[in-house]
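Descriptive structure summary
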Amino acid sequence: MCCPGRNSTCVVQEYSNAVSDEVKEEKCYCDENCLTLRDCCKDYDRACRAKDCVVSEWTKWKKCNTRCGIGTMSRKRSIIDEPSNGGSKCRRLHQKRGCIGFHCGDDDKKAALNEMALLLPETYSKARRYNPEKDIRKNLRDKYHKKMLYKRKRYCIQFKIVKTHKFCNSSNTSWTRALAIQGSTVCAECEPYTMAAMNGARCKGDGVAGVETRWKATNVPFCHGRWIQQDVVEKCSCKRKMKDVARYTFV
């Protein structure tokens with residue numbers, strides 16, 4: 001019989017073995033307060049003292065469960081001693097966190113051929129940069145992306161315009177005029193904030209080398225066309241790498 005807290009009814013009657021005309025009756029207690037009053041029964045430590053759960057160290061993280069795009073990785077630990085007598089329960093034994101596979105194959109290239117790049121002028125990329133630890137969107141980041149592993153830095157791509165629309169040369173939107181020139185070279189920058197994890201940590205519509213894919217100027221009606229990916233540069237800024245061409249950012 002073990003009792004939590006202070007409980008005077010949690011008592012055990014003991015009788016002395018001394019040879020006497022009178023039987024000597026003694027009392028000991030099995031409540032938690034007996035540790036303070038020092039009147040615990042002899043077997044209290046063995047029978048009643050709370051024992052917390054004891055667990056092993058975490059195993060190493062397993063590899064990402066997908067070769068391309070968003071996935072998960074996990075680790076686990078095991079129970080060494082079960083809790084008893086009101087001891088702390090075992091903490092969780094399994095953990096998961098997000099990861100990204102960068103080994104994208106032919107199927108992913110086929111998907112990229114059907115995508116359309118949405119573009120804005122490069123100046124908009126500066127407005128999107130923020131400190132994720134201080135920004136008001138930190139709560140969303142912590143809830144949905146805190147354990148996501150974005151290893152890829154921003155990169156830039158050189159494209160050649162092969163097909164365009166006359167509305168790109170509108171006098172109201174000067175930033176699209178370079179897109180209106182067939183045969184011109186442009187640079188599009190992909191930042192981590194716009195990478196699509198399910199596509200292998202890349203920007204949607206970033207194209208396939210040597211193949212025509214589609215693009216569209218955001219919020220400019222009928223300004224769209226086709227381009228060919230000519231070069232991809234990792235850890236790159238269009239402003240620094242390609243100063244002499246029109247520069248854009250993916251949405």
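Located above this text is the structure these notes cover.
The paragraphs below set out a description of the structure included in this document.

1. Let's talk about the overall build of the protein
Broken down by element type, the protein carries 6 helices and 14 strands. Counting the 251 residues in the protein, one finds 32% classified as buried. For the protein, long-range pairs separated by at least 24 residues make up 68% of all intrachain contacts whose partners lie at least 6 apart in sequence.

2. Describing the state of the cysteines
What the rule picks out here adds up to 7 disulfides. A disulfide bridge connects Cys 34 with Cys 40, and the sulfur atoms are separated by 1.9 Å. Linking Cys 34 and Cys 40, the disulfide has an S-S dihedral of approximately 95° and is accordingly described as right-handed. The disulfide that involves Cys 53 links it to Cys 90, with 1.9 Å between the sulfurs. Disulfide Cys 53-Cys 90: the torsion about the S-S bond is 90°, which places it as right-handed. You can see Cys 53 sitting in the loop between helix H2 (44–47) and strand S3 (54–55) and its partner Cys 90 sitting in the loop between strand S5 (79–81) and strand S6 (94–102), a full 37 residues away along the chain.

3. Overview of the pairing of strand S8 (residues 155–163)
Sheet topology note: the S8/strand S9 (residues 185–190) ladder contains 6 bridges and is antiparallel. Within S9, the residue paired with Cys 156 across the bridge is Glu 189. Note: S8 against strand S13 (residues 224–234), 8 bridges, orientation antiparallel. In the sheet register, Ile 161 faces S13, and the bridge partner there is Trp 227.

4. Some words on the sheet that holds S13
Read around the closed barrel, 6 strands run S7-S12-S13-S8-S9-S14, paired in mixed fashion. Neighbouring strand axes in the sheet, compared pairwise and without regard to direction, differ in orientation by 45° on average. Where S9 and strand S14 (residues 246–250) come together, 4 bridges link them in parallel fashion. The residue bridging Glu 189 from the neighbouring strand is Thr 249, located in S14.

5. Regarding the packing of aromatic side chains
A ring pair, where both rings are aromatic, is described by two values, the distance of the centres and the angle of the planes. Taken as a whole, this structure holds 4 aromatic pairs when the rule is applied. Each ring, one from Phe 167 and one from Phe 222, has its centre 5.3 Å from the other, and the planes form 40°; the classification is tilted. Within this pair, whereas Phe 167 is found in the loop between S8 and S9, its partner Phe 222 is found in the loop between strand S12 (212–217) and S13, the two being separated by 55 residues in sequence. Pairing Trp 215 with Trp 227 gives two aromatic rings, centres 6.4 Å apart and planes at 45°, and the pair type is tilted. With a gap of 12 residues between them, Trp 215 in strand S12 and Trp 227 in strand S13 connect regions that are remote in the sequence.

Calculation notes
- Residues numbered from 1 in each chain as written.
- Predicted model: local features only at pLDDT ≥ 70, side-chain atom pairs only at ≥ 80, totals over all residues.
- Heavy atoms only, no water.
- Helix = DSSP H or I, 4+ residues; strand = E, 2+ residues; numbered from the N terminus.
- Buried < 20%, exposed > 50% of the residue type's maximum accessible area, 1.4 Å probe, protein only.
- Contact = heavy atoms within 4.5 Å.
- Disulfide = S-S within 2.5 Å.
- Pairing = 2+ DSSP bridges.
- Axes fitted to C-alpha atoms, helices over the stretch in contact; angles between N-to-C directions.
- Phe/Tyr/Trp six-rings, centres within 6.5 Å; stacked < 30°, edge-to-face > 60°.

By themselves, these are just geometric observations and shouldn't be taken as functional.
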